[in-house]
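# Chain and residue survey
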Amino acid sequence: MNLTLLFKVLKSNHELNTKDYKKFWGSIMEEQEMKVIKRDGRKVEYNSDKIVIAISNANKEVGGKDKVSRSSIEFITKYIEGLNKPSMSVEEIQDIIERKLMEFGKFTLAKKYILYRDKHALIREANSTDESILSLVRNANKETMEENSNKNAVLVSTQRDLIAGECSKDLADRLMLPERIVKAHNDGVLHFHDKDYFVQPMHNCCLVNIGDMLDNGTVMNGKMIESPKSFQVACTVMTQIIAAVASSQYGGQSVDIRHLGKYLRKTYDKVYKKRFLGYVEKGYSKEESDERAREDAKERRQEDLSSGVQTIQYQINTLMTTNGQSPFVTIFMFLDKDDEYIEENAMIIEEILKQRLQGIKNDKGVYITPAFPKLIYVLDENNCLKGGKYDYLTKLAVKCSSKRLYPDYISAKIMRENYEGNVFSPMGCRSFLSPWKNEKGEYVFESRFNQGVVSINLPQIGIIANGDEEKFWKLFDERLELCKDALMCRHEALIGTMSDASPIHWQYGAIARLTKGEKIDKLLNSCFSTISLGYIGLYELTKLMKGVSHTDPVGEEFSVRVMQHMRDSVDKWKQESGLGFALYGTPAESLCYRFARVDKERFGDIEDITDKGYYTNSYHVDVREKINAFDKLKFESKYQPISSGGAISYVEIPNMKNNLEALEEIVKFIYDNIQYAEFNTKSDYCHICGFDGEITINEQNEWECPQCGNKDHNKMNVTRRTCGYLGENFWNVGKTKEIKSRVLHI
């Protein structure tokens, strides 16, 4: 290359004549084709025609001396090529063009080009949303389609919700959220959950006040629903309430089955009274009439019980909410010794467990494991397998868990220690409320809700800190404050919401009974509702900072400090603001993959961190670590009280149907040692060969029947523990890798 001429040209601020132009570029050696990095990260071949077109379009909007000559446009393209870079971003190229136009003295043209660039940036933003929507319709938007393993993204009804979500995310990013929050989300610093619903005044999850709605009636679709007179009708009304609630919020919900006990007794009492009078009229003695009426009432009660529970199971698994999925609902099964309907509730729980153990038929008529409703069984003194009256129900629950994964288990003993003597359901999967008392000094849990979640990427802080604790704690605090600001965006978006936005929640009992036109602010501006800081990857963070797992004593000490620091931070925010800030172990169905993918793109392959394709859920032990069930539960139990806004632990088990005694021992251990735990087993079915067992993940990360080699998702049923819920529509690549890596704990 003629360096003297190159120096002369680069110093020049004037337009080149054709002779100089040819002489200069003729001296440059041939270079390899340069790659251009698009804004979405794709690399494409460099094409100088696009630069010529962009400058020419701007050229058309100026006149006379403000125009740039064709040779100068070509000079700019050749200058860019002459940099000999293997790749350049679109932004870098555009910056060079602007700078060169100004060097040529074409300031007006440069301004036009900047306006042209800004205009196309806006068009591009719209087009990126357009493309994401069109790719959904074409079933090509893999990331969005695999975000939720319980949404079948091929269905038109589900696509409608996903399309609306893409529009909502676009509006949230461009118009509603501060730029620094959007950037933090895109950079994987934090995750602003459920952005696809942020454009509307919707909240996350709730504990439905189902007792009040059944006892005092409710309104749906403008129609009064009065208090039911029988168990079966109560079950039907409850499922309709669940569907209505699910359609106006984006998170899970829970209902306490205790409220159905009185309606099962109503069925019995109504039949008994009618039959007793009938037998007396027929001439039977009162004693004989009583005996016959009791038998009839028991028989009718059992029929109603079976039909009612079947209604719950069928309705929840076949209803489609406006979110494009079955309702994310949890049934809470607690035998409260002070409950006057405890015997009826024991019957209801037994029937629920029996029907879940049987399963629900797929389209081939084969019984499979349904994902919903999630079941939670509470262990207390009367059923903890230590000689209690209801131990028989716990044995049935264990048998059910061994086949159908549910129920999960809550220890009433440990929960009372953690929540001021109270026992209550999480809101859906794992989100727990903090204790709160009304003006009468009574604890209230049902009718409360969560405003939303923002999660912090712990491993990314560890990557940047690179073992430097001083740097870590400083950056950690900065990012916690950013998460707080993001959470306040969620809170402020709900302020001013009218009760008319969701009558089932705010006017007709699911959460409140406000008047029409009344604002919900009083339910937001106190600790009545919670707002949660989530977190992910405590294992990876500890490994980055200490070089060991958090099960190692050195790693454990550090990890507990990290957890306590997050807890102290949310407690401080709560005290300062009066809002119900809480610390929440993020389920991370799609986030375990997203954070790891973003960090891999930014920082490359880091052994045991970004190279494996996923981050570990919340405080959990690494899924690959060999540890027995008892040690795992005991180790993780220390984190649950710190993460009081949401936490759940699991153990991975093989097929245990022939060794239920071993599972019973773990359940007894749960009662004495940990608040909330679950079993992960396998419950799959191949439509082609009829295989009923574990469908495995092969070397290509494809689900494959071990008996016939079937890999067609449409011809198999696979159910796995996704987070706290089960998933049955398959998973993104990161979660699939995580599931594949799980080791057994027994």
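Whatever comes next refers back to the structure up there.
Anyway, here's the lowdown on the structure attached to this text. (Residues numbered from 1 in each chain as written. Predicted model: local features only at pLDDT ≥ 70, side-chain atom pairs only at ≥ 80, totals over all residues. Heavy atoms only, no water.)

## Comments concerning the overall build of the protein
Here is the rule we go by: In this text, helices come from DSSP runs of H or I with a minimum length of four residues, and strands from runs of E with a minimum of two, each type numbered from the N-terminal end. When a residue's accessible area, from a 1.4 Å probe over protein chains only, is under 20% of the maximum for its type it is buried; when over 50% it is exposed; and in between it is partly exposed. By the convention used here, residues are in contact when the closest approach between their heavy atoms is within 4.5 Å. All accessible-area figures derive from a Shrake-Rupley calculation using a 1.4 Å probe, and residue coverage is judged against the displayed protein chains alone.
In terms of regular secondary structure, the protein is built from 26 helices and 25 strands. Counting the 746 residues in the protein, one finds 57% classified as buried. Pairs at least 24 residues apart make up 71% of the contacts formed inside the protein by residues separated by at least 6 positions. Taken as a whole, the protein presents about 32100 Å² of accessible surface, with 49% of it coming from carbon and sulfur.

## A word on the nonpolar core
A general tendency of soluble globular proteins is for nonpolar side chains to be buried together. Quick reminder of the rule: Throughout, nonpolar core names a set of buried Ala, Val, Leu, Ile, Met, Phe, Trp, Tyr and Cys residues whose side chains join them through atoms within 4.5 Å.
One finds Val208, Ile257, Leu260, Met333, Tyr409, Ile670 and Phe679 to be the most contacted residues of the largest nonpolar core, which totals 80 residues. For Val208, the contacting residues outside a window of four places in its chain are Met213, Ile241, Val245, Gln253, Ser254, Val255, Glu446, Ser447 and Ala510. Core analysis: the next-biggest nonpolar cluster, separate from the first, contains 47 residues, Leu190, Tyr535, Leu538 and Phe635 among them.

## Remarks on the packing of helix α11 (residues 231-246) against helix α13 (residues 286-318)
Our working definition: The axes used here are C-alpha line fits, helices contributing only the stretch in contact, and every angle between their N-to-C directions lies in the interval 0 to 180 degrees. Roughly parallel refers to an angle under 35 degrees, roughly antiparallel to one over 145, roughly perpendicular to one between 65 and 115, and oblique to any angle outside these ranges. Crossing chirality is assigned from the near helix's rotation relative to the far helix, an anticlockwise turn below a right angle marking it left-handed and a clockwise turn marking it right-handed. Just so you know the grouping, Ala, Val, Leu, Ile, Met, Phe, Trp, Tyr, Cys and Pro go in nonpolar, Asp, Glu, Lys and Arg go in charged, and all remaining residues, Gly too, go in polar.
Running from N to C, α11 and α13 cross one another at 15 degrees; their axes reach a closest spacing of 8 Å. Of the possible angle classes, the one that applies to α11 and α13 is roughly parallel. For the pair α11 and α13, the crossing hand works out as right-handed. Contacts from Phe231, Gln232, Cys235, Thr236, Met238, Thr239, Gln240 and Ile242 in α11 reach Asp304, Leu305, Ser307, Gly308, Val309, Thr311, Ile312, Gln315 and Ile316 in α13. For the contact of α11 with α13, the class distribution of residues is eight nonpolar, eight polar and one charged.

## Notes on α11
Under the convention used in this document: Take the residue count of a helix, subtract one, and multiply by 1.5 Å to get its expected span. Any pair of nitrogen or oxygen atoms within 3.5 Å is treated as a polar contact; in protein, a donor-acceptor pairing is required on top of that, and neighbouring residues in sequence qualify only through side-chain atoms on both sides.
Helix length check: α11 (16 residues) gives 23 Å between terminal C-alpha atoms against 22 Å at 1.5 Å per residue, within 8%. Listed as buried for α11 are Phe231, Ala234, Cys235, Val237, Met238, Thr239, Ile241, Ile242, Ala243, Val245 and Ala246. The distance from a side-chain oxygen at the start of α11 to the backbone nitrogen of Val233 is 3.4 Å, and the residue carrying that oxygen is Ser230.

## A few points about the sheet that holds strand β2 (residues 43-45)
Pairing between the strands of a sheet is mediated by backbone hydrogen bonds and can be parallel or antiparallel. Keep this limit in mind: Here a strand pair is declared whenever DSSP counts at least two bridges between the two strands.
One open sheet holds the three strands; their spatial order is β2-β1-β3, and the pairing between them is mixed. On the outer flanks of this sheet lie β2 and β3 (87-89), each paired with one strand and no other. The mean inter-strand angle of the sheet, taken between neighbouring strand axes irrespective of direction, is 35 degrees. By the bridge criterion, three bridges tie strand β1 (residues 35-37) to β3 in an arrangement that is parallel. Paired with Lys35 across the two strands is Ser87, which belongs to β3. Sheet strands in contact with helix α5 (residues 90-103) are β1 and β3, and its direction is about 80 degrees off that of β3.

## Let's talk about the pattern of salt bridges
Operational definition: The term salt bridge refers to a pairing of a side-chain nitrogen on Lys or Arg with a carboxyl oxygen on Asp or Glu at a separation within 4 Å.
Per the stated rule, a full pass over the model turns up 45 salt bridges. When the shortest N-O distance is used, the salt bridge between Asp485 and Arg180 registers 3.1 Å. Taken together, the residues Asp485 in helix α18 (residues 469-494) and Arg180 in helix α9 (residues 179-186) connect sequence positions 305 residues apart. With relative accessibility at 28%, the residue Asp485 sits in the partly exposed group. Residue classification places Arg180 among the partly exposed positions, given a relative accessible area of 45%. Between Glu652 and Lys682 there is a salt bridge whose closest N-O contact spans 3.1 Å.

## Section: the sheet that holds strand β8 (residues 253-256)
Spatial ordering of the open sheet is given by β5-β8-β9-β12-β13-β18-β17, a layout of seven strands whose pairing is mixed. Every interior strand has two partners, whereas the edge strands, β5 (206-207) and β17 (649-652), have only one. Direction of pairing for β8 relative to strand β9 (residues 329-333): parallel, over a ladder of four bridges. Following the sheet pairing, Ser254 is matched in β9 by Thr330. On top of the sheet, α11 reaches β5, β8 and β9; it is set at about 160 degrees to β8, its chief contact. Sheet strands in contact with helix α25 (residues 660-673) are β12 (374-379), β13 (408-411) and β18 (676-680), and its direction is about 160 degrees off that of β18.

## Points about the packing of helix α15 (residues 391-404) against α25
Each pair of packed helices gets described by two things: the angle between the helix axes and the distance between those axes. For the pair α15 and α25, interaxial distance at closest approach is 10 Å and the crossing angle is 110 degrees. Judged by the inter-axis angle, α15 sits roughly perpendicular to α25. Pair α15 / α25 crosses with right-handed handedness. Residues Thr394, Lys395, Val398, Lys399 and Ser402 of α15 form the contact with α25, whose own contacting residues are Leu660, Leu663, Glu664 and Val667.

## Here we look at the packing of aromatic side chains
For the record, the criterion: A pair of Phe, Tyr and Trp rings is counted when the ring centres sit within 6.5 Å of each other, with Trp represented by its six-membered ring. The angle between the planes then sorts it: under 30 degrees is stacked, over 60 is edge-to-face, the rest tilted. Should the NZ of a Lys or the CZ of an Arg lie within 6 Å of a ring centre and within 35 degrees of the ring normal, that charge is described as sitting over the ring.
Counted according to the given criterion, the structure contains 30 aromatic pairs. Ring geometry for Tyr377 against Tyr409: centres 6.2 Å apart, planes inclined by 80 degrees, an arrangement best described as edge-to-face. Of this pair, Tyr377 sits in strand β12 while Tyr409 sits in strand β13, placing them 32 residues apart in sequence. With a centroid separation of 6.1 Å and 80 degrees between ring planes, the pair formed by Phe424 and Phe432 is classed as edge-to-face. Linked through ring pairs, Tyr419, Phe424, Phe432, Tyr443, Phe445 and Tyr676 together constitute an aromatic cluster. A cation over a ring is seen here: Lys632 above Tyr650, with NZ or CZ 4.1 Å from the ring centre. Positioned above the aromatic ring of Tyr650, the side-chain terminus of Arg742 is 5.9 Å from the ring centre.

## Comments concerning the environment of Glu481
Relative to the helices and strands, Glu481 is located in helix α18. Judged by its relative accessible area of 36%, Glu481 falls in the partly exposed class. Residues Glu481 and Trp573, spaced 92 residues apart in sequence, show a C-alpha to C-alpha distance of 9.7 Å.

## Overview of a negative patch on the surface
In plain terms, the rule: Patch definition: residues above 30% relative accessible area lacking any salt bridge, with like charges linked at up to 9 Å and the nonpolar side chains Val, Leu, Ile, Met, Phe, Trp and Tyr linked at up to 5 Å. For the purpose of counting charges, residues Lys and Arg are taken to be positive, whereas Asp and Glu are taken to be negative. His and the chain ends are not included. All charge positions are set by atom: Lys at NZ, Arg at CZ, Asp at CG, Glu at CD.
Among the surface-exposed residues, Glu287, Glu288, Glu291, Glu295, Glu299 and Glu303 lie close enough to one another that they form a single negatively charged patch. In this structure, Glu287 sits in helix α13. Taking relative accessible area as the criterion, Glu287 reaches 61% and is therefore assigned exposed.

## A word on the pairing of β8
Going residue by residue along β8, you find Gln253 and Val255 tucked away on one face and Ser254 and Asp256 tucked away on the opposite face as well. When β5 meets β8, the two strands line up parallel, connected through two bridges. Opposite Cys206, over in β8, you have Gln253 as the bridge partner.

## A short note on the pairing of β9
Of all five residues in β9, five are buried, a share of seventy percent or more. Pairing between β9 and β12: four bridges, direction parallel. The residue of β12 that forms the bridge with Met333 is Tyr377.

## Description of helix α23 (residues 591-603)
If you check α23, its first and last C-alpha atoms are 18 Å apart, about what 13 residues at 1.5 Å a residue would give, namely 18 Å. Taken together, the buried positions of α23 are occupied by Leu591, Cys592, Arg594, Phe595, Ala596, Val598 and Asp599. Where α23 ends, the next residue or the one after it, Gly604, has phi of about 80 degrees, a positive value.

## Quick notes on the state of the cysteines
Stated formally: Any cysteine sulfur atom paired with another within 2.5 Å is treated as part of a disulfide.
Taken as a whole, this structure holds zero disulfides when the rule is applied. Cys206 takes part in no disulfide bond, and the closest cysteine sulfur, belonging to Cys205, lies 7.4 Å away. Its relative accessible area of 0% is what places Cys206 among the buried residues.

Worth remembering: the numbers are spatial, not functional.
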